[in-house]
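# A look at the structure
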Amino acid sequence: MIFKVYFQTSLTEVPIRENTQTVYVEAETINDVRKKLADRKYNIEYIQEINGKFLEYEKDTNSLELENV
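Below is a short write-up of the structure. (Residues numbered from 1 in each chain as written. Predicted model: local features only at pLDDT ≥ 70, side-chain atom pairs only at ≥ 80, totals over all residues. Heavy atoms only, no water.)

### A look at the side chain of E58
The line we're drawing: Helix numbering and strand numbering both begin at the N terminus, where a helix is a DSSP run of H or I of at least 4 residues and a strand a DSSP run of E of at least 2. Any pair of residues with heavy atoms lying within 4.5 Å of one another is described as a contacting pair.
Mapping E58 onto the fold places it in helix α2 (residues 52-60). Setting aside residues no more than four positions away along its own chain, E58 makes contact with K4, Y24, I50, S63 and L64.

### Let's talk about the packing of aromatic side chains
Put simply, the rule reads: Put simply, two rings from Phe, Tyr or Trp (the six-membered ring, in Trp's case) pair if the centres are within 6.5 Å, and we call them stacked under 30 degrees between planes, edge-to-face over 60, tilted for the rest.
If you walk through the whole model with that rule in mind, you get two aromatic pairs. Ring centres 6.1 Å apart and planes at 40 degrees place the aromatic pair Y6 and Y46 in the tilted group. Here Y6, found in strand β1 (residues 2-8), pairs with Y46, found in strand β3 (residues 43-50); they are 40 residues apart in sequence, far enough to count as distant.

### Observations concerning the nonpolar core
Which entries qualify depends on this criterion: What is meant by a nonpolar core is a set of buried Ala, Val, Leu, Ile, Met, Phe, Trp, Tyr and Cys residues, joined one to another through side-chain atoms within 4.5 Å. For the exposure calls, accessible area comes from a 1.4 Å probe over protein chains only, and a residue counts as buried if that area is under 20% of its type's maximum, exposed if over 50%, partly exposed in between.
Core analysis: the largest hydrophobic core is formed by nine residues, namely F3, V5, F7, V23, V25, A27, V33, L37 and I47. Where this core is concerned, the elements lending two or more residues are β1, β2 (21-26) and α1 (30-37). Here this core takes three residues from β1, the largest share from any one element. Not counting the four nearest positions on each side in its chain, I47 is found in contact with F3, K4, V5, I30, V33 and R34.

Right, dumping it as C-alpha cells:
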C-alpha cells in the first residue's frame with residue numbers, strides 16, 4: 001500500500017498549515033510508516049492511505065514520488 005504522510009519538519013514549533021509538507025511511503029500499515037520515518041524526526045500530522053482514483057490522480061499530476069526508506 002502507498003501512504004501519503006503530511007508532516008512538519010520541526011518538532012519544537014507549533015504546526016503551521018502553510019509549512020505542511022508531504023512524502024509518499026510504501027508500507028503495509030500506518031505503524032510501519034511511522035517506524036520507517038522515525039529516524040527523520042518529522043512532526044507527523046496525518047497519514048493517509050491512497051488507492052483507487054486518488055492514487056491515479058497523484059500519479060497523473062506527477063506529485064507521486066515514493067520515498068526510499
